[in-house]
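As a plain string of letters, each chain reads:
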Amino acid sequence: NAGVTQTPKFQVLKTGQSMTLQCAQDMNHNSMYWYRQDPGMGLRLIYYSASEGTTDKGEVPNGYNVSRLNKREFSLRLESAAPSQTSVYFCASSRGGLETQYFGPGTRLLVL
Amino acid sequence: DQQVKQNSPSLSVQEGRISILNCDYTNSMFDYFLWYKKYPAEGPTFLISISSIKDKNEDGRFTVFLNKSAKHLSLHIVPSQPGDSAVYFCAASRSGSARQLTFGSGTQLTVLP
């Protein structure tokens, strides 16, 4: 039982390049989330998907797009990467409501 | 404007003593609070939570206290162990779809042997 998995673990991009961060969960959870964590700050919600087929903006959605491909997978896309998007990205999932959110190990992204 | 604040970036405690981590919030609509623990190069893991209808919740060595009038919560770890050394994040959410979490900036706890 892998829980929440994220790929890649680490990526270096040049300004203007695009990439997709992948996230998958095997817990049959309804809700999935993408956060970013910057030094000295807590995790900030980028986008979330309350259930399969729905997505909504979080606190810091600008520069990102998401796709809830199916119940298991939730991807985050950077269309034109900027240095301000250098961060650690965490995906999480939960059954929904008050249920606990379970986090993946993170993707470290460096944009030069 | 930070809605959830952890004003102590770091805390050092001797093994066996009590660790007290503090968290303040400004949004009175928050009704559910959580603590997560994070080790380096790993994702946060859930530790303990409390609903706004309670003022205390206990789970083994971990107790969370909520003071709604002061908009303050604290996490007590007794006794502290070296394996508790990690970054602790306070998080809050309010009623609504998907329960978005708002996180504090974290406190690095170091338990000295």
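Since we're looking at a predicted model, the values are computed, not measured. (Residues numbered from 1 in each chain as written. Chains lettered and ligands numbered in written order. Predicted model: local features only at pLDDT ≥ 70, side-chain atom pairs only at ≥ 80, totals over all residues. Heavy atoms only, no water.)

With that settled, the discussion passes to the sheet that holds strand β7 (residues 62–67) of chain B. Residues and elements named next belong to chain B. Reading across from one edge, β1-β3-β8-β7-β6 is the order of the 5 strands in this open sheet, with antiparallel pairing throughout. Taken across any chain shown, the strands that pair with only one partner, and hence form the sheet edges, are β1 (4–5) and β6 (56–59). Note: strand β3 (residues 19–25) against strand β8 (residues 72–77), 6 bridges, orientation antiparallel. Bridging across to β8, D24 finds its partner in H72. (Pairing = 2+ DSSP bridges. Helix = DSSP H or I, 4+ residues; strand = E, 2+ residues; numbered from the N terminus.)

Once that is clear, we can look at the side chain of T63 of chain B. Residue and element names in this part refer to chain B. Position of T63 among the secondary structure elements: in strand β7. For T63, a relative accessible area of 10% puts it in the buried group. Excluding residues that lie within four positions of it along the chain, T63 makes contacts with I48, K56, N57, E58, S74, L75 and H76. (Buried < 20%, exposed > 50% of the residue type's maximum accessible area, 1.4 Å probe, protein only. Contact = heavy atoms within 4.5 Å.)

A few words on a nonpolar patch on the surface. Residue and element names in this part refer to chain A. Together, F10, V12, L110 and L112 line one region of the surface with nonpolar side chains, adding up to about 360 Å² of accessible area. Along the polypeptide, V12 turns up in strand β2 (residues 10–13). Under the relative-accessibility criterion, V12 is labelled partly exposed at 36%. (Patch = residues over 30% accessible without salt bridge, like charges linked within 9 Å, V, L, I, M, F, W, Y side chains within 5 Å. Areas by Shrake-Rupley, 256 points an atom, 1.4 Å probe, with all protein chains shown as cover. Salt bridge = Lys/Arg side-chain N within 4 Å of Asp/Glu carboxyl O.)

Taken residue by residue, the interface counts 17 residues in chain B and 20 residues in chain A. For the interface between chain B and chain A, the tally reads 0 salt bridges. Linking chain B to chain A there are 2 residue pairs in polar contact (both at pLDDT 80 or more). Among the elements that take part in the side of chain B that touches chain A, strand β4 (residues 32–38) of chain B stands out by supplying 3 residues, more than any other. Taken together, the residues that form the side of chain B that touches chain A break down as 9 nonpolar, 5 polar and 3 charged. (Polar contact = N/O pair within 3.5 Å; in protein donor to acceptor, adjacent residues only side chain to side chain. Nonpolar A, V, L, I, M, F, W, Y, C, P; charged D, E, K, R; others polar.)

Looking now at the pattern of salt bridges. A complete count under the given rule lists 5 salt bridges over all chains for this structure. Across the pair R36 of chain A and D38 of chain A runs a salt bridge, and its minimum N-O distance is 3.0 Å. A residue is classified by how much of its surface remains accessible, and R36 of chain A, at 8% relative accessible area, is buried. Residue classification places D38 of chain A among the buried positions, given a relative accessible area of 10%. One salt bridge connects D84 of chain B with R61 of chain B, and the closest N-O pair in it is separated by 2.8 Å. Placement of D84 of chain B in the loop between β8 and β9 (86–93) and of R61 of chain B in the loop between β6 and β7 is noted, with a sequence separation of 23 residues between them.

Attention now goes to the sheet that holds strand β3 (residues 19–25) of chain A. Residue and element names in this part refer to chain A. A sheet is described by the order of its strands in space; here 4 strands give the open sequence β1-β3-β8-β7, paired in antiparallel fashion. Looking at strand neighbours, the two that pair on one side only are β1 (4–7) and β7 (64–68), the edges of this open sheet. In this sheet, adjacent strand axes meet at a mean angle of 20 degrees when their direction is disregarded. Strand direction decides the pairing type here: β1 and β3, joined by 4 bridges, are antiparallel. Note on β3: the bridge partner recorded for T7 is Q22. (Axes fitted to C-alpha atoms, helices over the stretch in contact; angles between N-to-C directions.)

With that out of the way, let us pick up the environment of P9 of chain B. Residue and element names in this part refer to chain B. On the secondary structure map, P9 appears in the loop between β1 and β2 (10–14). When its relative accessible area of 61% is taken as the criterion, P9 is described as exposed. Between the alpha carbons of P9 and L109 there is a distance of 8.7 Å; along the sequence they are 100 residues apart.

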